[in-house]
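Structural features, examined
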Amino acid sequence: VKPNWSRAHAGLAGIFSSAGQLQQATDHFVAAVKEEHYEPQYRLDLGQVLHSRGLYDDEQKTYQTLVQDLGDHALAYSYWASSILAAYQVSISYRSYGKVPEDQIYLDQATKLYEQALLVDPQCGMCHGQFGDMYKDSHKVTKSIEHYIR
(Lines give C-alpha, C1' and ligand atoms only; values in the text may rest on other atoms or scores of the structure.)
Protein backbone atom coordinates (compact mmCIF):
# COMPACT_ATOMS: atom_id res chain seq x y z
CA VAL A 1 0.00 0.00 0.00
CA LYS A 2 1.32 3.41 -0.89
CA PRO A 3 1.84 5.42 2.28
CA ASN A 4 -0.68 8.13 1.42
CA TRP A 5 -3.65 5.91 0.60
CA SER A 6 -5.72 6.17 3.73
CA ARG A 7 -8.78 4.45 2.27
CA ALA A 8 -6.67 1.47 1.18
CA HIS A 9 -5.20 1.19 4.67
CA ALA A 10 -8.67 1.33 6.21
CA GLY A 11 -9.93 -1.31 3.78
CA LEU A 12 -7.06 -3.64 4.59
CA ALA A 13 -7.60 -3.01 8.29
CA GLY A 14 -11.20 -4.10 7.91
CA ILE A 15 -10.14 -7.30 6.15
CA PHE A 16 -7.53 -8.09 8.79
CA SER A 17 -10.02 -7.37 11.55
CA SER A 18 -12.59 -9.71 10.01
CA ALA A 19 -9.91 -12.39 9.76
CA GLY A 20 -9.02 -11.99 13.42
CA GLN A 21 -5.60 -10.53 12.65
CA LEU A 22 -6.05 -7.64 15.03
CA GLN A 23 -2.43 -6.43 15.22
CA GLN A 24 -2.34 -5.99 11.44
CA ALA A 25 -5.74 -4.29 11.57
CA THR A 26 -4.44 -1.91 14.22
CA ASP A 27 -1.34 -1.11 12.17
CA HIS A 28 -3.41 -0.26 9.09
CA PHE A 29 -5.95 1.84 10.99
CA VAL A 30 -3.07 3.76 12.59
CA ALA A 31 -1.66 4.38 9.10
CA ALA A 32 -5.09 5.50 7.85
CA VAL A 33 -5.46 7.95 10.75
CA LYS A 34 -1.99 9.37 10.10
CA GLU A 35 -2.81 9.93 6.44
CA GLU A 36 -6.36 11.25 6.90
CA HIS A 37 -6.18 12.97 10.26
CA TYR A 38 -9.65 14.55 9.99
CA GLU A 39 -11.61 11.38 9.15
CA PRO A 40 -13.39 10.34 12.37
CA GLN A 41 -14.48 6.93 11.10
CA TYR A 42 -10.92 5.63 10.95
CA ARG A 43 -10.43 6.56 14.60
CA LEU A 44 -13.72 4.99 15.62
CA ASP A 45 -12.74 1.81 13.80
CA LEU A 46 -9.27 1.86 15.37
CA GLY A 47 -10.89 2.15 18.77
CA GLN A 48 -13.11 -0.83 18.08
CA VAL A 49 -10.12 -2.97 17.09
CA LEU A 50 -8.27 -1.90 20.23
CA HIS A 51 -11.40 -2.86 22.17
CA SER A 52 -11.38 -6.31 20.58
CA ARG A 53 -7.76 -6.67 21.63
CA GLY A 54 -8.64 -5.74 25.23
CA LEU A 55 -6.52 -2.58 25.03
CA TYR A 56 -9.10 -0.42 26.78
CA ASP A 57 -6.74 2.38 27.85
CA ASP A 58 -5.51 2.80 24.27
CA GLU A 59 -9.08 2.63 23.02
CA GLN A 60 -10.21 5.36 25.42
CA LYS A 61 -7.23 7.56 24.43
CA THR A 62 -8.24 7.14 20.77
CA TYR A 63 -11.75 8.48 21.46
CA GLN A 64 -10.46 11.22 23.74
CA THR A 65 -8.02 12.35 21.04
CA LEU A 66 -10.78 12.26 18.42
CA VAL A 67 -12.90 14.61 20.54
CA GLN A 68 -9.93 16.89 21.29
CA ASP A 69 -8.82 17.08 17.67
CA LEU A 70 -12.16 17.10 15.85
CA GLY A 71 -14.70 18.37 18.39
CA ASP A 72 -17.79 16.74 19.83
CA HIS A 73 -18.65 13.41 18.24
CA ALA A 74 -21.56 11.39 19.63
CA LEU A 75 -20.22 7.92 18.82
CA ALA A 76 -16.79 8.76 20.24
CA TYR A 77 -18.38 9.62 23.59
CA SER A 78 -20.60 6.55 23.49
CA TYR A 79 -17.83 4.12 22.56
CA TRP A 80 -15.58 5.73 25.16
CA ALA A 81 -18.22 5.09 27.83
CA SER A 82 -18.64 1.49 26.69
CA SER A 83 -14.87 1.02 26.87
CA ILE A 84 -14.78 2.21 30.48
CA LEU A 85 -17.51 -0.27 31.34
CA ALA A 86 -15.86 -3.11 29.41
CA ALA A 87 -12.54 -2.56 31.16
CA TYR A 88 -14.28 -2.56 34.50
CA GLN A 89 -16.32 -5.64 33.62
CA VAL A 90 -13.10 -7.51 32.87
CA SER A 91 -11.64 -6.40 36.19
CA ILE A 92 -14.65 -7.81 38.07
CA SER A 93 -14.61 -11.15 36.27
CA TYR A 94 -17.75 -10.54 34.23
CA ARG A 95 -20.23 -10.16 37.06
CA SER A 96 -23.05 -7.68 36.49
CA TYR A 97 -22.61 -4.03 37.40
CA GLY A 98 -24.29 -2.62 40.46
CA LYS A 99 -23.23 -5.32 42.89
CA VAL A 100 -20.67 -3.35 44.94
CA PRO A 101 -20.21 0.37 45.77
CA GLU A 102 -17.13 0.72 43.52
CA ASP A 103 -19.38 0.06 40.53
CA GLN A 104 -20.93 3.49 40.93
CA ILE A 105 -17.67 5.26 40.05
CA TYR A 106 -17.56 3.58 36.64
CA LEU A 107 -21.29 3.94 36.06
CA ASP A 108 -21.04 7.67 36.81
CA GLN A 109 -18.13 8.11 34.37
CA ALA A 110 -19.97 6.22 31.65
CA THR A 111 -23.25 8.05 32.32
CA LYS A 112 -21.56 11.43 31.85
CA LEU A 113 -20.07 10.32 28.52
CA TYR A 114 -23.36 8.83 27.30
CA GLU A 115 -25.17 12.03 28.27
CA GLN A 116 -22.57 14.06 26.35
CA ALA A 117 -23.09 11.80 23.32
CA LEU A 118 -26.82 12.47 23.43
CA LEU A 119 -26.27 16.21 23.79
CA VAL A 120 -24.25 16.10 20.59
CA ASP A 121 -26.79 13.90 18.78
CA PRO A 122 -30.08 13.21 20.60
CA GLN A 123 -31.12 10.81 17.81
CA CYS A 124 -28.00 8.63 17.93
CA GLY A 125 -29.48 5.14 17.98
CA MET A 126 -26.18 3.44 18.82
CA CYS A 127 -25.70 5.84 21.75
CA HIS A 128 -29.19 5.13 23.14
CA GLY A 129 -28.63 1.40 22.68
CA GLN A 130 -25.32 1.39 24.52
CA PHE A 131 -26.72 3.60 27.28
CA GLY A 132 -29.65 1.18 27.58
CA ASP A 133 -27.24 -1.76 27.77
CA MET A 134 -25.45 -0.12 30.69
CA TYR A 135 -28.70 0.29 32.59
CA LYS A 136 -29.79 -3.26 31.74
CA ASP A 137 -26.48 -4.67 32.98
CA SER A 138 -26.82 -2.70 36.21
CA HIS A 139 -30.35 -4.09 36.73
CA LYS A 140 -32.13 -0.79 36.02
CA VAL A 141 -34.63 -2.18 33.56
CA THR A 142 -36.97 0.82 33.45
CA LYS A 143 -34.08 3.16 32.60
CA SER A 144 -32.82 0.76 29.95
CA ILE A 145 -36.24 0.59 28.30
CA GLU A 146 -36.37 4.40 28.14
CA HIS A 147 -33.28 4.35 25.93
CA TYR A 148 -34.21 1.28 23.91
CA ILE A 149 -37.55 2.70 22.77
CA ARG A 150 -36.28 6.14 21.69
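Please refer to the structure higher up on the page.
A brief structural summary. (Residues numbered from 1 in each chain as written. Predicted model: local features only at pLDDT ≥ 70, side-chain atom pairs only at ≥ 80, totals over all residues. Heavy atoms only, no water.)

1. So, the packing of helix α5 (residues 74–91) against helix α6 (residues 103–120)
Contact geometry for α5 and α6: axes closest at 7 Å, N-to-C directions at 165 degrees. With respect to α6, the axis of α5 lies roughly antiparallel. Every pair of crossing elements has a handedness; the one defined by α5 and α6 is left-handed. Contacts between α5 and α6 pair A74, Y77, S78, W80, A81, S82, I84, L85 and Y88 from the former with D103, Y106, L107, Q109, A110, L113, Y114, Q116, A117 and V120 from the latter. Taken together, the residues that form the contact of α5 with α6 break down as 14 nonpolar, 4 polar and 1 charged. (Axes fitted to C-alpha atoms, helices over the stretch in contact; angles between N-to-C directions. Helix = DSSP H or I, 4+ residues; strand = E, 2+ residues; numbered from the N terminus. Parallel < 35°, antiparallel > 145°, perpendicular 65-115°, else oblique. Left-handed = near helix turned anticlockwise from the far one by under 90°. Contact = heavy atoms within 4.5 Å. Nonpolar A, V, L, I, M, F, W, Y, C, P; charged D, E, K, R; others polar.)

2. So, the state of the cysteines
Tallying each qualifying case throughout the model produces 1 disulfide. Here C124 pairs with C127 through a disulfide, and the sulfurs are 2.4 Å apart. Because the sign of the S-S torsion sets the handedness, a value of about 65 degrees for the bond joining C124 and C127 places this disulfide among the right-handed ones. The two residues C124 and C127 agree in class, both being buried. (Disulfide = S-S within 2.5 Å. Buried < 20%, exposed > 50% of the residue type's maximum accessible area, 1.4 Å probe, protein only.)

3. With respect to the nonpolar core
Burial of nonpolar side chains together is a common tendency in soluble globular proteins. In terms of nonpolar packing, the biggest core is built from 23 residues, with Y114 and M134 touching the most fellow members. For this core, the secondary structure elements donating two or more residues are α4 (56–70), α5, α6 and α7 (125–137). Ranked by residue count, the leading element in this core is α5, at 8 residues. (Core = buried A, V, L, I, M, F, W, Y, C linked by side-chain atoms within 4.5 Å.)

4. Description of the pattern of salt bridges
On inspection of all chains with the given rule, the structure shows 2 salt bridges. Measuring nitrogen to oxygen at the nearest pair gives 3.1 Å for the salt bridge that ties D69 to R43. Of this pair, D69 sits in helix α4 while R43 sits in helix α3 (residues 40–52), and the two are 26 residues apart along the sequence. We classify D69 as partly exposed; its relative accessible area is 35%. Exposure remark for R43: the relative accessible area of 3% places this residue in the buried category. Close ionic contact of D137 with K136 constitutes a salt bridge, the shortest N to O distance being 3.7 Å. (Salt bridge = Lys/Arg side-chain N within 4 Å of Asp/Glu carboxyl O.)

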